[in-house]
Number of protein chains: 2
Amino acid sequence: MKILSFLSRASKAYKDYPAYSKLLVLCTLSSGGLLAYSESGPDTGTAGVETDQKLPKKKRVLVLGTGWAGTSFLKDVDATLYDVQVVSPRNYFAFTPLLPSVTCGTVEARSIVEPIRKMVKKRRGEIQFWEAECVKIDAANKKVLCQSNIDNDLLQKGEFFLEYDYLIIALGAQVNTFNTPGVAENCHFLKEVEDAQKIRRSVIDCFETAVLPGLSEDERRRNLHFVIVGGGPTGIEFAAELHDFFEGDLVKLYPTVKDLVKITVIQSGDHILNMFDGRISSFAEQKFKRDGIEVQTGCRVVSVSDKEIKMKVKSKGEVSSMPHGLVVWSTGVGTRPVVRDLMEQIGQANRHVLATDEWLRVKGCEDAYAIGDCATIDQRKIRDDISSIFKAADKNNSGTLTLEEFRDVIDDIRVRYPQVDLYLQSKHMRDVTYLLKDDQGNDRKEVDIEGFKLSLSHVDSQMKSLPATAQVAAQQGAYLSRCFNRWQQCEENPEGPLRFSGSGHHQFLPFRYKHFGQFAPLGGEQAAAELPGDWVSVGHSTQWLWYSVYASKQVSWRTRFLVVSDWTRRFIFGRDSSRI
Amino acid sequence: MKILSFLSRASKAYKDYPAYSKLLVLCTLSSGGLLAYSESGPDTGTAGVETDQKLPKKKRVLVLGTGWAGTSFLKDVDATLYDVQVVSPRNYFAFTPLLPSVTCGTVEARSIVEPIRKMVKKRRGEIQFWEAECVKIDAANKKVLCQSNIDNDLLQKGEFFLEYDYLIIALGAQVNTFNTPGVAENCHFLKEVEDAQKIRRSVIDCFETAVLPGLSEDERRRNLHFVIVGGGPTGIEFAAELHDFFEGDLVKLYPTVKDLVKITVIQSGDHILNMFDGRISSFAEQKFKRDGIEVQTGCRVVSVSDKEIKMKVKSKGEVSSMPHGLVVWSTGVGTRPVVRDLMEQIGQANRHVLATDEWLRVKGCEDAYAIGDCATIDQRKIRDDISSIFKAADKNNSGTLTLEEFRDVIDDIRVRYPQVDLYLQSKHMRDVTYLLKDDQGNDRKEVDIEGFKLSLSHVDSQMKSLPATAQVAAQQGAYLSRCFNRWQQCEENPEGPLRFSGSGHHQFLPFRYKHFGQFAPLGGEQAAAELPGDWVSVGHSTQWLWYSVYASKQVSWRTRFLVVSDWTRRFIFGRDSSRI
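Reading the values: rules and limits
- Residues numbered from 1 in each chain as written.
- Chains lettered and ligands numbered in written order.
- Predicted model: local features only at pLDDT ≥ 70, side-chain atom pairs only at ≥ 80, totals over all residues.
- Heavy atoms only, no water.
- Least-squares fit on C-alpha atoms with pLDDT ≥ 70 in both.
- Contact = heavy atoms within 4.5 Å.
- 1 Å grid on protein atoms, 1.4 Å probe; cavity = no way out; pocket = protein on both sides within 12 Å on 5 of 7 lines; lining within 4 Å.
- Points joined across faces, edges and corners; volume = space filled by probe spheres on them.
- Helix = DSSP H or I, 4+ residues; strand = E, 2+ residues; numbered from the N terminus.
- Nonpolar A, V, L, I, M, F, W, Y, C, P; charged D, E, K, R; others polar.
- Domains from an automatic or database assignment.
- Buried area = accessible area lost by both parts, 1.4 Å probe.
- Salt bridge = Lys/Arg side-chain N within 4 Å of Asp/Glu carboxyl O.
- Polar contact = N/O pair within 3.5 Å; in protein donor to acceptor, adjacent residues only side chain to side chain.
- Phe/Tyr/Trp six-rings, centres within 6.5 Å; stacked < 30°, edge-to-face > 60°.
- Buried < 20%, exposed > 50% of the residue type's maximum accessible area, 1.4 Å probe, protein only.
- Axes fitted to C-alpha atoms, helices over the stretch in contact; angles between N-to-C directions.
- Left-handed = near helix turned anticlockwise from the far one by under 90°.
- Pairing = 2+ DSSP bridges.
- Expected span 1.5 Å × (residues − 1).
- Arc of directions from axis to C-beta.
- Parallel < 35°, antiparallel > 145°, perpendicular 65-115°, else oblique.
- Core = buried A, V, L, I, M, F, W, Y, C linked by side-chain atoms within 4.5 Å.
- Disulfide = S-S within 2.5 Å.

### What about the relation of the copies chain B and chain A?
Superposition of the two copies of the chain requires a rotation about an axis together with a shift along that axis.
Point 1. If you rotate chain B by 180° and push it 0.0 Å along the axis, it lands on chain A with an RMSD of 0.1 Å. Both copies are brought into coincidence by an operation consistent with a two-fold rotation axis. Every residue of chain B has its C-alpha some distance from the rotation axis, and the shortest such distance is that of S565(B), at 4.2 Å.
Point 2. The overlap is high: 100% of the interface residues of chain B also sit at the interface in chain A, so the same surface is used on both sides.

### Thoughts on empty space enclosed by the protein
Point 1. The full count for this structure, using the stated rule, is four cavities of 30 Å³ or more.
Point 2. Elements supplying a minimum of two residues to the lining of the largest cavity: α19 (557–573) of chain A together with α19 (557–573) of chain B.
Point 3. Here the lining of the largest cavity is built from residues that sort into two nonpolar, four polar and 12 charged.

### Describing the domain arrangement of chain A
Residue and element names in this part refer to chain A.
Point 1. Examined at the domain level, chain A breaks down into domain 1 (56–176 + 333–379 + 464–513), domain 2 (188–331) and domain 3 (382–462).
Point 2. Placing a centre on the C-alpha atoms of domain 1 and another on those of domain 3 gives a separation of 35 Å.
Point 3. Counting residues at the interface gives 13 residues for domain 1, matched by 14 residues for domain 3.
Point 4. Here domain 1 packs against domain 3, burying approximately 1,200 Å² in sum over the two surfaces, 60% of which is carbon and sulfur.
Point 5. Looking at the side of domain 1 facing domain 3, the largest losses of area belong to Q379, F500 and R512, adding up to 54% of the total buried there.
Point 6. The interface formed by domain 1 and domain 3 holds two salt bridges in total.
Point 7. Between R416 and E358 there is a salt bridge, with the nearest N and O atoms lying 3.0 Å from each other.
Point 8. Counting across the interface, domain 1 meets domain 3 through six residue pairs in polar contact (both at pLDDT 80 or more).

### So, the packing of aromatic side chains
Point 1. A full pass over the atoms with the stated rule returns 50 aromatic pairs over all chains.
Point 2. Consider the rings of Y166(A) and F484(A), whose centres lie 5.4 Å apart with planes at 85°: the pair is edge-to-face. Here Y166(A) is found in strand β9 (residues 166–169), whereas its partner F484(A) is found in helix α16 (residues 470–485), with 318 residues between them in sequence. In this pair, the class of Y166(A) matches that of F484(A), namely buried.
Point 3. Here W546(B) and W567(B) contribute two aromatic rings whose centre-to-centre distance is 5.7 Å and whose plane-to-plane angle is 50°, an arrangement assigned as tilted.

### Structural notes on the interface of chain B and chain A
Point 1. The partner chain A presents 55 residues to the 54 residues of chain B that form the contact.
Point 2. Note on chain B versus chain A: buried area summed over both sides is about 5,300 Å², and carbon and sulfur give 60% of it.
Point 3. Between chain B and chain A we count nine salt bridges in total.
Point 4. Close ionic contact of R117(A) with E208(B) constitutes a salt bridge, the shortest N to O distance being 2.8 Å.
Point 5. For the pair chain B and chain A, the number of links is 18 residue pairs in polar contact (both at pLDDT 80 or more).
Point 6. Residue assignment for the side of chain B that touches chain A shows that the elements contributing at least two residues are β4 (113–115), α5 (116–121), β5 (127–131), α7 (193–210), α8 (217–223), α9 (233–253) and α19 of chain B.
Point 7. Broken down by element, the side of chain B that touches chain A gets its largest block of residues, eight residues, from α7(B).
Point 8. Across the side of chain B that touches chain A, the residue classes break down as 23 nonpolar, nine polar and 22 charged.

### Here we look at the environment of G158(A)
Residue and element names in this part refer to chain A.
Point 1. With respect to the helices and strands, the residue G158 is situated in the loop between β7 (143–147) and β8 (159–163).
Point 2. G158 sits 10 residues away from S148 along the chain, and the two C-alpha atoms are 5.0 Å apart.
Point 3. Beyond its immediate sequence surroundings of up to four residues, G158 is in contact with C146, Q147 and S148.

### Digging into the packing of helix α12 (residues 382–393) of chain B against helix α15 (residues 449–456) of chain B
Residues and elements named next belong to chain B.
Point 1. Close contact between α12 and α15 brings their axes to 10 Å; oriented N to C, the two are set at 145°. Both α12 and α15 take part in a crossing whose hand is right-handed. Seen from α12, the contacting residues are I382, I386, S387, I389 and F390; seen from α15, they are I449, F452, K453 and L456.
Point 2. Taken together, the residues that form the contact of α12 with α15 break down as seven nonpolar, one polar and one charged.

### Things to note about unusual backbone geometry
All names here are of chain B.
Point 1. The phi angle at F178 is positive, at roughly 50°, despite the residue not being glycine.
Point 2. Residue placement: F178 occurs in the loop between β10 (174–175) and α6 (183–186).
Point 3. A positive phi is found at E525, a non-glycine position, where the angle reads about 60°.
Point 4. The topology assignment puts E525 in the loop between β24 (518–523) and β25 (526–531).

### A closer look at the pairing of strand β26 (residues 535–539) of chain B
Within a regular strand, the side chains alternate between the two sheet faces.
Residues and elements named next belong to chain B.
Point 1. In the sheet, β25 pairs with β26 via five bridges, with the strands oriented antiparallel. Bridging across to β26, L531 finds its partner in W535.
Point 2. Between β25 and β26, which pair antiparallel in sequence order, lie three residues; one of them, G533, sits at a positive phi of approximately 80°.

### A few points about the sheet that holds strand β14 (residues 299–304) of chain A
All names here are of chain A.
Point 1. Pairing within the open sheet is antiparallel, and its three strands lie in the order β14-β15-β16. At either end of the open sheet lies a strand with only one pairing partner, and these are β14 and β16 (319–323). Strand-to-strand twist of the sheet, defined as the mean angle between neighbouring strand axes without regard to direction, takes the value 30°.
Point 2. As defined by bridge partners, strand β15 (residues 308–313) adjoins β16 across five bridges and the pair is classed as antiparallel. Along β16, the bridge assignment pairs M311 with S320.

### Re helix α10 (residues 278–291) of chain A
Residues and elements named next belong to chain A.
Point 1. Here α10 is 14 residues long and its end C-alpha atoms lie 20 Å apart, about the 20 Å a rise of 1.5 Å per residue gives.
Point 2. Regarding α10, the residues found buried are I280, S281, F283, A284, K287 and F288. Buried residues in α10, looked at end-on, bunch into an arc of 165°, giving them a common side. Residues K289 and R290 are exposed on α10 and point more than 90 degrees away from its buried face.
Point 3. For α10, the elements touching its buried residues are α9 (233–253), β12 (262–266), β13 (294–296), β24 (518–523), β25 (526–531) and β26 (535–539).
Point 4. Where α10 begins, one side-chain oxygen reaches toward the backbone nitrogen of R279, 2.9 Å away; that side chain belongs to D277.
Point 5. Following α10 by one or two positions, G292 adopts a phi angle in the positive range, close to 80°.

### Some thoughts on the packing of helix α18 (residues 540–552) of chain A against α19(A)
Residue and element names in this part refer to chain A.
Point 1. Packing of α18 against α19 brings their axes to within 9 Å, and their N-to-C directions diverge by 150°. Relative to α19, α18 is oriented roughly antiparallel. In contact with W546, Y547, Y550, A551 and S552 of α18, α19 contributes R560, V564, W567, R570 and F571.
Point 2. In terms of residue class, the contact of α18 with α19 is built from seven nonpolar, one polar and two charged.

### Some remarks on the sheet that holds β25(B)
Residue and element names in this part refer to chain B.
Point 1. Within the open sheet, the three strands sit side by side as β24-β25-β26. Their pairing is antiparallel. Pairing within the sheet leaves two strands with one partner each, and these edge strands are β24 and β26. Here the average twist between neighbouring strands, direction ignored, is 10°.
Point 2. One ladder, built from five bridges, connects β24 with β25; its direction is antiparallel. Residue pairing for β25: A520 is matched across the bridge by A528.

### Some points on the nonpolar core
Point 1. Counting residues in hydrophobic clusters, the biggest one holds 107 residues, and the most contacted among them are F73(B), F207(B), F484(B) and W567(B).
Point 2. When residues are assigned to domains, this core turns out to be shared by domain 1 (56–176 + 333–379 + 464–513) and domain 2 (188–331) of chain B, each giving three or more.
Point 3. Core analysis: the next-biggest nonpolar cluster, separate from the first, contains 106 residues, V61(A), F95(A), I168(A) and F246(A) among them.

### Some remarks on the state of the cysteines
Residues and elements named next belong to chain A.
Point 1. Scanning the model with the defined rule gives zero disulfides over all chains in all.
Point 2. For the unlinked cysteine C104, the closest cysteine sulfur is that of C206, found at 12 Å.
Point 3. Its relative accessible area of 0% is what places C104 among the buried residues.

Here is the structure:
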């Protein structure tokens, strides 16, 4: 029956979108496919660096963390140029976008991890890995205190120092409980592989407990009430996975309690998936409604106990409470203590998140870089530099800027201040010279400093910080490795834009994020996707696109084989409900 | 390279044993194959039981445990005849012979487990499962106290009683530490799936710790010393797996410590694998010597601390100590507390192991049956019944037994006392009447009681208890389910042998174990096997036989698919060393 249903599902997809689906399946199997989706990371040109190898001692690069950002850096950095070391409490890289699939056994935990040692072994040059947690960054003395996370008497406290010349902070973020009472003690999170494994066991526990003799129906009902706090992609995907797990597998194994199961999503905003296009939000909400997954929007959780979750309905201000069997907390990220401590050392104590400049250099901390969820780029405002820009552009010091003079610097401006392009896009302007038109839309031959300020006054409004996603982290890691690989080359021939407040050019181009789209699997072999070019796609075909992309994005042939084999196994045999 | 080496290995096997290997691979893939190896369990004839269904209330059968014995019973029992309930702290069945493979990631833990609910769902009739631990058997009142092993406030203490008409005790055994100090605290065991997962993580921990900065070479060496106590099949297979894991995978990832790794097997007897044929023992010892695995025979462990293991060399009486990084204790089985408690209730307090009769009925406990490792069959000695046998056979009460009279009862004797056949085999006698020959080997026409006693006096020497293996447990479970299924039928027409001390026939044939052979994988794609008919097989072809048999013996198509896919994955990509 399972096989039949798999075949019928597959054949349906073929019928609906024959050429399309075939292409997708082909791409999945041949992998690497879908060029449009492979992050076209910058060329890691290593030519012209031979001179470096003559140096007596290589600079020490210390990487903290083996998540998306750290691993992406390690994959591309030329380890023959530097003495590269990595510290992480996990000796593996985890393909985190598949974590929700691990919670219900659609994919096995081991299928989404790849040992760091194996990944770096394939690189040119040697990279040293230490399995330890970074507990303190001493920025002034350029050293880092690490502690082994293995309980072993032999190691005393298991602490050791590592010195560096360049520090790459890729520590990621931690769960943000917003200091809500009881969350840390009574909620599950979904950031690490262990979290997903724990959720999987707990879901089975809820079912096994609910069928035990001697419980009242209310108690059974409470045990089978699964609450997800946070309507972002992770929370929604978990809710969808759980629903599929229940409908597809558990309902047959626990028939006596099948009418007592309930899944609730609590979202503080007005819609779930509100970072997506409105069409996706409403599609998801309608699908969840059909599936019987309750969505409570406009609610803020005020406390969680082992039995109950209390929340406030924002519009009414009332506090209501719900009994629960399991709560998964998935509401955004916070700063790790070790990063917070560094921020205090370097004068960033007042900030929420560690700030870097556009070249990913930590502000106020020499030779330290931060990539991924642990940091945010503090994009320079064009407003603050407007006088320098005007001065640099006004070559003949006439006090006014002609169109030609403006044209000469516009490329540098666009590179240095990416908000300019975003602003042009938002106003549907095709040419940057539109900026210099007057109120009536007429061309101006020249503008003075006040006119120039006015023209660019709204540009900064388009600045926005990057989302805390794997895609951003991976691109940052790849960007940084390219900078390190081309260090000497770019020192001699800078590739960056003009320094408006200073002389010469910046050594490197600033980091620029390229958005390749985002998926939200919604269960029942349906998914939603927001793709570049304002293209929205929902339904079964999108799920096949999701399979293709996620198979092709795997970091090794081993994990690709395992993930595809897990999906096949799930199609044929369903998910396993053994409590291990 | 991996693929090439796999192909070359495979092609080698084909060349050496062309027809043979092809058959094996075919059988593996088409599975279920190798009829000779599938336990040809007794026919579960359920005809003639329709009358039972008219009874107002079905008898309650309570099964404790979901290991080999319990599951084997559940798979075959006709649940339309009984109200069957199962209690086990694990909601799955684990294919334990593959546990050593799980310790090093050759096979994944989830590939060897199958949910009990899924297994019983396929059965006729309904079987109820409770995930709980049996903490007390109240034999007098025919009830059992169970406790949920899920930590949940809702359950209060999570305790409940279950009543039964028939109790099937299939609780298995626990590790036997022989009260050696420090073993429970500092050793790993290898009985449960969780044990195997823990060992896997700990092996990686040992390597990650050993490469950390700041350790002396002695400390690194200590961390990489893996000690296995017990030279039985499990311990030896684990040692072999660990050696393969190190040689095949870890040596490349931890090159700096590759010369510091050591594996030691401590065995109290004079040889490892001493339950096998001597040829297998010496093959294993030689292979381990070549592989650099140290085997210390004739040693008894006296204590284990977190850093050291102390042992006594039996021949010299000296106590020596070795530093260690990880100790796996695998030295036989002991009785679980709940079974020990039952033994005290029913007058078996002085015994080591719970005793049953030849029909697997617990001695001194009505309506209770015990199968698998938790019990042993207390085979009735022929010596104790010799007078009754003589009396029953001497139909004309002449005081002497003629050959014809002996022939009439010999089949019943052979069924009731299986040691008779074993004795005949050991003496290479083809016909049972050889027993009645005189000292010179001449036929005797008749014997008196003294002569009869003398003839059979050595028969009991061949009695031996069954090994604590999966094969025995599975056969016992299948046997018992057949008895339950044919209860009424056999009550009316007993199928068992003559009751020598009583009248009529026994209701059922007593349980008879059929040995299908045993494997000992020795690493490096080599295995040893002891097969029926005194056939010993060692080497690469035996490993292929092992693959075939173990694939065909999987309890479901899902686990079969997973196990074969794991082996393939290992051949192509090696084992994963991520610490999850």
